[in-house]
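Secondary and tertiary structure notes
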Amino acid sequence: MTEQSKKAVYVLDWYTNKNIKVVDIDSAVIEKLKPGDKLVYLMEDNHQKPSIWVYLWHDIDTDRIGHFTKVLEWEEKDFFEEQSKFALKIFPIFKKKFKAEFPNSIPVTARFHIYLDQLYFYFYSEDRYVFTDFVKKFREKIWKNIFLFQVWARDMVKMDPRTDNLPCGADGIIPMHCKTTLPLPSIEMENLILQNLEWRDIERLKWRCWKLKCSLIYELDIYKKESGKYPKKWSEVKMLKSDTEWIVTQYNIMTWDVTFKTKDGEIFRVPTWELKIIKAPDPRVKSEEEIELEKIKNQIEG
């Protein structure tokens, strides 16, 4: 294999659910890969045992680097699939025991690490736990080494095998972004405010992970661009040929209008094409003249 033929692919770790760039793969191997194929790799620290990653069909931004070893196939692939089924058979036992010990948790799934001979059990919780006693007792019960892996709310839906076969998108049961291979985003309250959604029933904006829908940021760049054409919310403005100060309460980039409130409490909604606004100066922001005078003063004093 020449240096010129070596390339890289992007994968999703089967055990840690992290993305990684796997390097040193021959282009002939890449041509045969299909999305979902399992690759075996070693991290740059070669003292670690191999792990399995799921091949993605797209690039992804990641700092994690792994070195390609082989494609998981033939007898080894059969063994992997057998052990995966074994892990899922053990999971109901784990779920019952773990839930009894930690009632605020939600057990998610189980996977078997064929290179570590270890069962990975995944659970979701907002709390932190001490597992020492539980691990010892449960390991003695199933006679296997186990590893407990805490996942966040969005990953809970993403990894749960019960959501694999649910319809995606069209009927709203499971949105496609819940099962994406991309890193799951964080949705902030500021994203809702920018889209004038802060007055909505927040519970209706959440999905099965109890977090705000990932789709709430899909058009965020458009809102950021368009909102620059409107006066800022809660800013005081004046109309041309009028001394009345109005307060901007909201604007709508879809209907192209701005809603104002006077200091007397009157509400006005004005289309943007009828607006000729003079923005009232913000006392917290220095004018260009003040900035220039301050520069001159600093030069003199310096």
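Please refer to the structure placed before this passage.
Residues numbered from 1 in each chain as written. Predicted model: local features only at pLDDT ≥ 70, side-chain atom pairs only at ≥ 80, totals over all residues. Heavy atoms only, no water.

**Re the sheet that holds strand β2 (residues 19-26)**
Ordered in space as β1-β2-β5-β3-β4, the five strands form a closed barrel in which the pairing is mixed. On average, adjacent strands in this sheet sit at an angle of 50° to one another, irrespective of strand direction. (Pairing = 2+ DSSP bridges. Helix = DSSP H or I, 4+ residues; strand = E, 2+ residues; numbered from the N terminus. Axes fitted to C-alpha atoms, helices over the stretch in contact; angles between N-to-C directions.)

**Some thoughts on the pattern of salt bridges**
Under the defined criterion, the tally for this structure stands at seven salt bridges. With a shortest N-O distance of 3.8 Å, Glu126 and Lys211 are connected by a salt bridge. Of this pair, Glu126 sits in the loop between β7 (118-124) and α3 (132-142) while Lys211 is found in the loop between α5 (189-194) and α6 (220-227), placing the two residues 85 residues apart along the sequence. Judged by relative accessible area, Lys211 falls into the partly exposed class, the value being 34%. A salt bridge links Arg162 to Asp160, with the shortest nitrogen-to-oxygen separation between them at 2.6 Å. (Salt bridge = Lys/Arg side-chain N within 4 Å of Asp/Glu carboxyl O. Buried < 20%, exposed > 50% of the residue type's maximum accessible area, 1.4 Å probe, protein only.)

**Considering the layout of surface pockets**
Taken as a whole, the largest pocket encloses approximately 620 Å³ of empty space. Around the largest pocket, the lining is made up of 28 residues, and of these Trp14, Val54, Arg111, Lys158 and Asp164 lie nearest the centre. For the lining of the largest pocket, the residue count by class is twelve nonpolar, seven polar and nine charged. The calculated volume of the second largest pocket comes to roughly 510 Å³. Along its surface, the second largest pocket is lined by 25 residues, and Lys18, Trp152, Arg154, Asp155 and Leu184 are the ones closest to its centre. Breaking the lining of the second largest pocket down by element, the ones donating at least two residues are β8 (145-151) and α4 (153-159). Per-element accounting of the lining of the second largest pocket gives the leading share, five residues, to α4. For the lining of the second largest pocket, the class distribution of residues is eleven nonpolar, six polar and eight charged. (1 Å grid on protein atoms, 1.4 Å probe; cavity = no way out; pocket = protein on both sides within 12 Å on 5 of 7 lines; lining within 4 Å. Points joined across faces, edges and corners; volume = space filled by probe spheres on them. Nonpolar A, V, L, I, M, F, W, Y, C, P; charged D, E, K, R; others polar.)

**As for the pairing of β8**
Across seven bridges, the pairing between β7 and β8 is parallel. Within the sheet, the bridge partner assigned to Phe123 lies in β8 and is Gln150. Tracing the backbone out of β7, into α3 and back to the parallel element β8 gives a crossover that is right-handed. (Right-handed = clockwise from strand over helix to strand, strands pointing away.)

**Quick word on the pairing of strand β3 (residues 38-43)**
Bridging between β3 and strand β4 (residues 51-55) involves four bridges; their strand directions are antiparallel. Following the sheet pairing, Tyr41 is matched in β4 by Ser51. As defined by bridge partners, β3 adjoins strand β5 (residues 65-71) across five bridges and the pair is classed as antiparallel. Note that in β5 the partner of Val40 across the bridge is Lys70.

**Here's the deal with the sheet that holds β7**
Spatially, β6-β7-β8 is the arrangement adopted by the three strands of the open sheet, whose pairing is mixed. Whereas interior strands pair on both sides, the edge strands pair on one side only; in this sheet they are β6 (106-113) and β8. Adjacent strand axes in the sheet meet at a mean angle of 25°, parallel and antiparallel pairs treated alike. Where helix α2 (residues 74-101) meets the sheet, its contacts fall on β6, β7 and β8, and the angle it forms with β6 comes to roughly 145°. On top of the sheet, α3 reaches β7 and β8; it is set at about 130° to β8, its chief contact. (Contact = heavy atoms within 4.5 Å.)

**Topic: the packing of aromatic side chains**
The full count for this structure, using the stated rule, is 30 aromatic pairs. Ring centres 4.2 Å apart and planes at 15° place the aromatic pair Phe94 and Phe121 in the stacked group. Of this pair, Phe94 sits in helix α2 while Phe121 sits in strand β7; the two residues are 27 residues apart in sequence, bridging distant segments of the chain. Overall, the relative accessible area of 0% leaves Phe94 in the buried class. A centroid spacing of 6.1 Å and a plane angle of 35° characterise the contact between Phe98 and Phe131, whose relative ring orientation is tilted. Within this pair, whereas Phe98 is found in helix α2, its partner Phe131 is found in the loop between β7 and α3, the two being separated by 33 residues in sequence. (Phe/Tyr/Trp six-rings, centres within 6.5 Å; stacked < 30°, edge-to-face > 60°.)

**Section: the nonpolar core**
Within the largest apolar cluster, 36 residues are counted, with the highest numbers of intra-cluster contacts made by Phe121 and Leu148. Listed by contribution, the elements that provide at least two residues to this core are α2, β6, β7, α3, β8 and α4. The contact partners of Leu148, leaving out residues within four places of it in the chain, are Phe94, Phe98, Phe121, Phe123, Phe131, Phe134 and Val135. Listed in part, the 14 residues of the second largest apolar core include Leu220, Trp246, Phe260 and Leu275. (Core = buried A, V, L, I, M, F, W, Y, C linked by side-chain atoms within 4.5 Å.)

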